[in-house]
2 protein chains.
Amino acid sequence: MAEFELPTRPKPEETSAAAPAAEGETKNAAKNAAKKAAKEKAKADKAAARAAQEQAQAAAKEANDTAKHLYGPLPEAEDVTPSTRFTQLSEDSYEKEVTVVARVDNARVQSAKLAFLMLRQQGQKVQAVIALNEPISRQMIKYTGGLNVNSIVRITGLVKKPEIPISSATIQNLELHIRKVYMISEAAQMLPMQVKDAERPPPTEEKENEVDESGAPIVTLKTRLDNRVLDLQTETSQAITWISSGVSELFAEYMIKSGSRWIFTPKLVSSATEGGSNVFEVKYFKRNGYLAQSPQLYKQMCIAGDMENVFEIAPVFRAEDSNTHRHLTEFSGLDFEKTFDHHYHEVLGFAEDLLVFILTQLKERYSAQIATIQKSYPKAGDFKLPKDGKALRMNYMDGVELLKQAGVDMSEQERFENDFTTAMEKQLGQIIRDKYDTDFYVLDKFPMAVRPFYTKADPKDARFSNSYDFFMRGEEIMSGAQRIHNIDELEASMRSKGLDPTQEGFEDYLNAFRQGCPPHAGGGLGLNRIVMFFLGLPNVRLASLFPRDPQRLRP
Amino acid sequence: MAEFELPTRPKPEETSAAAPAAEGETKNAAKNAAKKAAKEKAKADKAAARAAQEQAQAAAKEANDTAKHLYGPLPEAEDVTPSTRFTQLSEDSYEKEVTVVARVDNARVQSAKLAFLMLRQQGQKVQAVIALNEPISRQMIKYTGGLNVNSIVRITGLVKKPEIPISSATIQNLELHIRKVYMISEAAQMLPMQVKDAERPPPTEEKENEVDESGAPIVTLKTRLDNRVLDLQTETSQAITWISSGVSELFAEYMIKSGSRWIFTPKLVSSATEGGSNVFEVKYFKRNGYLAQSPQLYKQMCIAGDMENVFEIAPVFRAEDSNTHRHLTEFSGLDFEKTFDHHYHEVLGFAEDLLVFILTQLKERYSAQIATIQKSYPKAGDFKLPKDGKALRMNYMDGVELLKQAGVDMSEQERFENDFTTAMEKQLGQIIRDKYDTDFYVLDKFPMAVRPFYTKADPKDARFSNSYDFFMRGEEIMSGAQRIHNIDELEASMRSKGLDPTQEGFEDYLNAFRQGCPPHAGGGLGLNRIVMFFLGLPNVRLASLFPRDPQRLRP
């Protein structure tokens, strides 16, 4: 059956018949014209013969193909066999027939009698093999080995123990001996990048179209993000998106268990009140609106509305022209706000336990994903949590002191008016890791000068405030505070920050306090930053499904 | 001690001393001038005497006030007694001393020896009484009875069984005998509306400043929403916001249990692709962006990114100039998207079970809140769920037939090109309720002409589509469908809907299908509508914390 392998190349004896008839007439123009006509006729004859030949071959092939119903387009007839997940496969599956739906990660024809597929399902890889053996035909082997990479196929096969572990697969102790291959969704022949090339971490500096030491293409972060759907298919991206899902799940779980109410505050607001700058403007019918920079004022209005304990999971918008590894213009905010009885440390303690819960449970519930991600990003190492299950808390001034001991001395003005620089924060993170063996800690009592107007000053020392930041690996993931609940104090604080309480837009917020509001505190977490620092990812964009920054508004 | 009750009115014998000296000189101008000066002196003397008198009285009062440390501003000294929630009080609390933090719903001085407070905590009301009885002083009674309504106080008192149930309270079988009253947050004397007047439902038509049959003020929906923080304090609003929280909690719970991944897709997008109209424009640095009308295209891109089963809880933005009882310009969307093996009914069945789970569990977990809301909105009655726990599903054409039997005959064109009108939907809801005893049902196989471009046509009859709507009380709460996953079919569908696949903005979406995408289906639920129709609320704005419509962008 070897001739069927090259159906478009006709055999010599079948195409030479017309040619000799045209030769031998070579003397004048008429002869030339006749020759030309004859040549054209010969050409046409040849083409007709070739088409007939191909049709005959196809028919013959169809007739001879013992496997013709075992591959190709997915049959119309309804097959109700449920497909098996790769995660369900084990040594118990040996010698059993299973049906899987997976992507073609790689396809290779070894010979006319043997082809290999690497199958991929949510980043997990299993090898499949097809060999000539009734009813498997050579045509079926050719079809299978020639599948376009990234196509989605439905394969039925026998699970076998391989002679040696399949080192290129993630599931190495089994392979699939193919019996059926149907196309579910065919990928184009050319892809903008190969998923397997995106399995390796992007270069820390952007380089275009280079190869690494082993000669494999380097795919830059930009290329990945431009082709994010392909990039999401990697084992690492699959794991990261699970961690992100897990953080919000754990946040909601803890809040709900605490009796908190899930709220949805408006993102379309009438004025740029909170801070004033860095806010996106929206055309709202015949007027202007803005995108909320945080749910801060609305969370507080819910507290004034007697809701006592509330949380929100929602996008946060920042029109900040920051092009760094840790800034996004849209990110996922995890916010909470809570009344307290006597002291804001009731809420601070609650928030510390929340974070310890999230980080501890991430390790417990997502250990497989964490291990996967560490293969690509091993540098940061395991995230260290406090051994006793209680968050490490110190005052801002203790942090200043630790830095001073390490040779970083802040001036009086720097201490009370500037807060730490990012470099100082990172250094402090390292000092605390070395000294206390934890990557998560809390700083309390920040200088009043560096906090927003609604922050409660420390009643014992007005240079400080009842506010706190949470840190992971030396970078901030949450900012929070006791809020001012007394209207006179609030208006005075606004004035001292250069804000005018009578300005349009503050009215609804301030009325909430004029009508009585209980003492409360809260905080806002950045989901993407938690994921980034927990995993030690080099860039927050890797922790966002479709990241947005000043340069990027797609895909 | 009766004289201390009116300290600003001096006694006659103390103020008459200066007056007689000025009398008897009445003959000339000098005399007149002298008289005037004398009068002024007398006035000044009087004022001085009065001030001295007041000071003396205040000191005497202070000295005599046996209760002076039992009321007034919250003492600085730290009291670590945890406060008791109203929900923790019961007959077991009789004769026990408790401390509560609550709002003053009403304050009334009965006599110099007796005053009453109605206390309110998240809408729940408990009566408190204060009577003259050592060490309680008349001053303390006056202070307590004169508290501004809506102020937040910290009260310590003895729980007592009242002689007769307190009919105006929600907790009627106990009252609090006050021992201490401290101010936590004082409300202004004048409030734009009384919370108790907002306990009654708003009029169905907007009327300004009217009173109802009993003479009580009618508070319109507009007034409530303008003063939403006060409105949230009512028992009914408290219950509604709990139901809203519950719907999202139950949605997330069910999705997570099904192995779904929580996603956060961007709300800032580069082009107005989905449908094209009714989209808010955003100034995005030096270019234009838009607010996503739904996560539809991104959910599908996540599926193409091998995420298999995803859900999102996020705001949805619609720049639609619809001023109806059920439209908002920003609402909370509950979205899901899921691959399937053989038939989209796998996903449809999943979604039906999701809704049955949410609605059944709402009744189970939030029965108290539902009962509270029904006091204000009794008209719609209990929400009826299918008895067998399985959703009622029929085809669109079955709905057409039911309407026909009821005398509403749609023309051939109406059937295939128009879909039901809102009136028809409501009538069909009533027919189905009467016939099948359920307020929740599903219509499958909508006409292709009324569905968006990404909807999969019914392979057996191209006039129809593999799409479905979910209804509660005859109004749509979810729209969903199998999506086209084949790029050629998708491009053809776009063209047939008048869309150009080569238009900028579609590129990233279409590439996802060029690179292979599994068959999938999904849906998008409107959280606010679920709450509204489940509870039978007359307006969707009551089911949104801070509603947004074309006219309203505040509070």
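Residues numbered from 1 in each chain as written. Chains lettered and ligands numbered in written order. Predicted model: local features only at pLDDT ≥ 70, side-chain atom pairs only at ≥ 80, totals over all residues. Heavy atoms only, no water.

1. Side note on the overall build of chain A
Tallying secondary structure elements over chain A gives 16 helices and 19 strands in all. For chain A, the proportion of its 555 residues judged to be buried stands at 55%. Considering only residue pairs separated by 6 or more positions, chain A has 69% of its internal contacts joining residues 24 or more positions apart. When the accessible surface of chain A is summed, it comes to about 24300 Å², and 50% of that surface belongs to carbon and sulfur atoms. (Helix = DSSP H or I, 4+ residues; strand = E, 2+ residues; numbered from the N terminus. Buried < 20%, exposed > 50% of the residue type's maximum accessible area, 1.4 Å probe, protein only. Contact = heavy atoms within 4.5 Å. Areas by Shrake-Rupley, 256 points an atom, 1.4 Å probe, with all protein chains shown as cover.)

2. So, the relation of the copies chain B and chain A
Of the transformation superimposing chain B on chain A, the axial component is 0.0 Å and the angular component is 180°, with the fit at an RMSD of 0.2 Å. The superposition of one copy onto the other is thereby described by a two-fold rotation axis. Considering only C-alpha atoms, the part of chain B nearest the rotation axis is B:Val282, at 2.3 Å. Interface overlap between copies: 100% of the residues of chain B at the interface are likewise at the interface in chain A, consistent with a symmetric, same-surface contact. (Least-squares fit on C-alpha atoms with pLDDT ≥ 70 in both.)

3. Describing the side chain of B:Ser137
Residue and element names in this part refer to chain B. Summarising the element assignment, Ser-137 is placed in the loop between β4 (124-131) and α4 (138-145). Classification of Ser-137 by relative accessible area gives buried; the value is 4%. A distance of 2.6 Å separates a polar atom in the side chain of Ser-137 from a polar atom in the side chain of Asp-65. Ser-137 has contacts with Asp-65, Thr-66, Ala-67, Tyr-71 and Leu-132, leaving out every residue within four places of it along the chain. (Polar contact = N/O pair within 3.5 Å; in protein donor to acceptor, adjacent residues only side chain to side chain.)

4. A closer look at the pattern of salt bridges
Here the structure, examined in full by the defined rule, presents 72 salt bridges over all chains. Linking A:Arg120 and B:Asp306 is a salt bridge whose minimum nitrogen-to-oxygen distance equals 3.5 Å. One end of the pair, A:Arg120, is in strand β3 (residues 114-121); the other, B:Asp306, is in the loop between α8 (296-304) and β13 (309-317), on a second chain. According to the relative accessible area criterion, A:Arg120 is buried, its value standing at 2%. In the salt-bridge network here, residues are joined through shared partners; they are A:Arg103, A:Asp105, A:Arg120, A:Lys125 and B:Asp306. (Salt bridge = Lys/Arg side-chain N within 4 Å of Asp/Glu carboxyl O.)

5. Considerations on the sheet that holds strand β15 (residues 392-395) of chain A
Residue and element names in this part refer to chain A. The strand order β9-β13-β14-β19-β18-β17-β16-β15 describes an open sheet built from 8 strands, whose pairing is mixed. Only two strands of the sheet have a single neighbouring strand rather than two, namely β9 (261-262) and β15. Taken together, the 9 bridges between strand β13 (residues 309-317) and strand β14 (residues 330-339) define a ladder with antiparallel strand orientation. By the bridge assignment, Pro-315 is partnered in β14 with Ser-332. Where helix α13 (residues 422-436) meets the sheet, its contacts fall on β15, β16 (440-444), β17 (467-472) and β18 (475-483), and the angle it forms with β16 comes to roughly 120°. (Pairing = 2+ DSSP bridges. Axes fitted to C-alpha atoms, helices over the stretch in contact; angles between N-to-C directions.)

6. A short note on the environment of A:Arg393
Residue and element names in this part refer to chain A. Summarising the element assignment, Arg-393 is placed in strand β15. Judged by its relative accessible area of 33%, Arg-393 is partly exposed. In sequence terms Arg-393 and Leu-117 are 276 residues apart; their C-alpha atoms lie 54 Å from each other. The residues touching Arg-393, leaving out its near neighbours within four places in the chain, are His-345, Leu-348, Gly-349, Glu-352, Val-442 and Asp-444. Within the structure, Arg-393 has its side chain in polar contact with the side chain of His-345 (distance 3.3 Å). Within the local environment of Arg-393, its side chain forms a polar contact with the side chain of Glu-352, the two groups lying 2.7 Å apart.

7. Details of the interface of chain B and chain A
Of the residues lining the interface, 98 residues belong to chain B; the matching set on chain A comes to 98 residues. Buried area between chain B and chain A, summed over both chains or domains, comes out near 7900 Å², and the portion from carbon and sulfur atoms is 57%. Run the count over chain B and chain A and you get 10 salt bridges. Taken together, the connections running from chain B to chain A amount to 55 residue pairs in polar contact (both at pLDDT 80 or more). For the side of chain B that touches chain A, the leading source of residues is helix α7 (residues 235-257) of chain B, giving 9 residues. Residues of the side of chain B that touches chain A, tallied by class, amount to 45 nonpolar, 27 polar and 26 charged. The pairing of strand β11 (residues 281-284) of chain A with strand β11 (residues 281-284) of chain B spans 3 bridges and is classified as antiparallel. Directly across from A:Lys283, in β11(B), lies its bridge partner B:Glu281. (Buried area = accessible area lost by both parts, 1.4 Å probe. Nonpolar A, V, L, I, M, F, W, Y, C, P; charged D, E, K, R; others polar.)

8. Remarks on helix α13 (residues 422-436) of chain B
All names here are of chain B. The terminal C-alpha atoms of α13 lie 20 Å apart, and with 15 residues this matches the ideal 21 Å at 1.5 Å per residue to within 8%. Those residues of α13 not exposed but buried are Met-424, Glu-425, Leu-428, Gly-429, Ile-431 and Ile-432. The buried residues of α13 occupy an angular sector of 170° when projected down its axis, which confines them to one face. In α13, the exposed positions that point more than 90 degrees away from the buried face belong to Ala-423 and Asp-434. The elements touched by buried residues of α13 are β15 (392-395), α11 (396-405), β16 (440-444), β17 (467-472) and β18 (475-483). The positive-phi residue at the C-terminal boundary of α13 is Asp-437, with phi of around 60°. (Expected span 1.5 Å × (residues − 1). Arc of directions from axis to C-beta.)

9. Observations regarding a positive patch on the surface
Residues and elements named next belong to chain A. A grouping of Lys-39, Lys-43, Lys-46 and Arg-50 is seen on the molecular surface, where their side chains present a positively charged patch. Mapped onto the elements of the fold, Lys-43 is located in helix α3 (residues 29-64). The class of Lys-43 is exposed, set by a relative accessible area of 63%. (Patch = residues over 30% accessible without salt bridge, like charges linked within 9 Å, V, L, I, M, F, W, Y side chains within 5 Å. Lys, Arg positive; Asp, Glu negative; His and termini not counted. Charge placed at Lys NZ, Arg CZ, Asp CG, Glu CD.)

10. Looking at α7(B)
Residue and element names in this part refer to chain B. Over its 23 residues, α7 runs 32 Å from end to end, which matches the ideal 33 Å to within 8%, given 1.5 Å per residue. α7 sits mainly inside the fold: 20 of its 23 residues count as buried. Once α7 finishes, Gly-259 follows within two positions and takes phi at roughly 85°, a positive value.

11. Quick notes on the packing of aromatic side chains
Counted according to the given criterion, the structure contains 47 aromatic pairs over all chains. Between the aromatic rings of A:Phe453 and A:Tyr509, the centroid separation amounts to 6.2 Å while the plane-to-plane angle is 90°, which identifies the pairing as edge-to-face. Of this pair, A:Phe453 sits in the loop between β16 and β17 while A:Tyr509 is found in helix α15 (residues 507-514), placing the two residues 56 residues apart along the sequence. Between the aromatic rings of B:Trp262 and B:Phe311, the centroid separation amounts to 5.2 Å while the plane-to-plane angle is 35°, which identifies the pairing as tilted. Separated by 49 residues along the polypeptide, B:Trp262 in strand β9 (residues 261-262) and B:Phe311 in strand β13 bring together distant segments of the chain. Taking the relative accessible area as the measure of exposure, B:Phe311 reaches 1% and is therefore buried. Each member of the aromatic cluster is reached from another via a ring pair, and the members are A:Phe251, A:Trp262, A:Phe264, A:Phe311, B:Phe251, B:Trp262, B:Phe264 and B:Phe311. (Phe/Tyr/Trp six-rings, centres within 6.5 Å; stacked < 30°, edge-to-face > 60°.)

12. Describing the pairing of β14(A)
Two faces belong to every sheet, and in a regular strand the side chains alternate between them. Residue and element names in this part refer to chain A. Taking burial as the measure, the 10 residues of β14 include 9 buried ones, the bulk of the element. Here β14 runs beside strand β19 (residues 520-526); their pairing, made up of 7 bridges, is antiparallel. Residue Phe-336 lies in a different strand from β19, and its bridge partner there is Gly-523.

13. Looking at the pairing of β11(B)
Residues and elements named next belong to chain B. In β11, alternate side chains face the same way, and those of Val-282 and Tyr-284 are buried while those of Glu-281 and Lys-283 on the opposite face are not. Sheet topology note: the β11/strand β12 (residues 287-291) ladder contains 4 bridges and is antiparallel. Across the sheet, the residue bridging to Tyr-284 is Arg-287, located in β12. Connecting β11 to the antiparallel partner β12 that follows it, the hairpin turn spans 2 residues, and Phe-285 within it adopts a positive phi of roughly 50°.

14. Here's the deal with the sheet that holds β11(A)
Pairing is antiparallel across the open sheet formed by 6 strands, whose spatial order is β10(A)-β12(A)-β11(A)-β11(B)-β12(B)-β10(B). The open sheet has two edge strands, β10 (268-269) of chain A together with β10 (268-269) of chain B, and neither has a second partner.

15. Some details on the confidence of the model for chain A
With 90% of its residues at a pLDDT of 70 or more, chain A has an overall mean of 89. Overall fold confidence (pTM) sits at 0.88, and the ipTM for the predicted complex is 0.88. (pLDDT = per-residue confidence, 0-100.)

16. Comments concerning the environment of A:Ser270
Positionally, A:Ser270 belongs in the loop between β10 and β11. Separated by 20 residues in the primary sequence, A:Ser270 and A:Tyr290 have C-alpha atoms spaced 6.1 Å apart. Setting aside residues no more than four positions away along its own chain, A:Ser270 makes contact with A:Arg287, A:Asn288, A:Tyr290, B:Leu553 and B:Arg554.

17. As for the packing of helix α7 (residues 235-257) of chain A against helix α9 (residues 345-365) of chain A
All names here are of chain A. For the pair α7 and α9, interaxial distance at closest approach is 9 Å and the crossing angle is 135°. Classed by the angle they form, the pair α7 and α9 counts as oblique. Between α7 and α9 lies a crossing of right-handed hand. Facing α7, whose interface residues are Ile-243, Gly-246, Val-247, Glu-249, Leu-250, Phe-251, Glu-253, Tyr-254, Met-255 and Lys-257, α9 presents Phe-350, Asp-353, Leu-354, Phe-357, Ile-358, Gln-361, Leu-362 and Arg-365. (Parallel < 35°, antiparallel > 145°, perpendicular 65-115°, else oblique. Left-handed = near helix turned anticlockwise from the far one by under 90°.)

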